[in-house]
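Structural overview
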Amino acid sequence: MEQLSLNVRESKLAVLERLISAIRTSHDEIDAWVVTTQEAFPLVQDRGFRAASGGNS
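Residues numbered from 1 in each chain as written. Predicted model: local features only at pLDDT ≥ 70, side-chain atom pairs only at ≥ 80, totals over all residues. Heavy atoms only, no water.

Once that is clear, we can look at the overall build of the chain. The number of helices and strands found in the chain is four helices and zero strands. Listing each helix as α and each strand as β along the chain from the N terminus yields α-α-α-α. What you see for the chain is a C-alpha radius of gyration of 15 Å, clearly larger than the 10 Å of a compact globule of 57 residues, by over 25%. With the C-alpha coordinates aligned to their principal axes, the bounding extent of the chain is approximately 40 × 30 × 15 Å. Residues classed as buried in the chain amount to 9% of the 57 residues present. By element, 54% of the accessible surface of the chain is carried by carbon and sulfur atoms, the whole surface being about 5,100 Å². Within the chain, one finds 6 positive and 8 negative side-chain charges whose respective centroids are separated by 10 Å. (Helix = DSSP H or I, 4+ residues; strand = E, 2+ residues; numbered from the N terminus. Rg over C-alpha atoms; globule rule 2.2 N^0.38 Å. Buried < 20%, exposed > 50% of the residue type's maximum accessible area, 1.4 Å probe, protein only. Areas by Shrake-Rupley, 256 points an atom, 1.4 Å probe, with all protein chains shown as cover. Lys, Arg positive; Asp, Glu negative; His and termini not counted. Charge placed at Lys NZ, Arg CZ, Asp CG, Glu CD.)

Attention shifts here to the packing of helix α2 (residues 10-25) against helix α3 (residues 27-40). The N-to-C vectors of α2 and α3 enclose an angle of 155°; their axes lie 8 Å apart at closest approach. In terms of orientation, α2 lies roughly antiparallel with respect to α3. The segment α2 lies against α3, with Val15, Arg18, Leu19, Ala22, Ile23 and Thr25 engaging Glu29, Ile30, Trp33 and Thr37. Of the residues contributing to the contact of α2 with α3, the split by class is six nonpolar, two polar and two charged. (Axes fitted to C-alpha atoms, helices over the stretch in contact; angles between N-to-C directions. Parallel < 35°, antiparallel > 145°, perpendicular 65-115°, else oblique. Contact = heavy atoms within 4.5 Å. Nonpolar A, V, L, I, M, F, W, Y, C, P; charged D, E, K, R; others polar.)

Positionally, Pro42 belongs in the loop between α3 and α4 (47-52). Note on Pro42: relative accessible area 58%, which makes it exposed. Separated by 15 residues in the primary sequence, Pro42 and His27 have C-alpha atoms spaced 22 Å apart.

Quick look at the environment of His27 now. Along the chain, His27 falls in helix α3. Each C-alpha atom, one on His27 and one on Gln38, is 17 Å from the other, the two residues being 11 residues apart in sequence.

Printed below as a string of structure tokens:
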């Protein structure tokens, strides 16, 4: 956690702490963490990589 706190912003560090807590609790808590995290931090689509690799979608 010390290393993370040096390299990760406070808002994302809080999210990671919740993940660690969920892992220690249950599969249901992990699933709930995934749902709330996807809402807070949408997946970034790397269109440059896709274009360079010949992908269309």
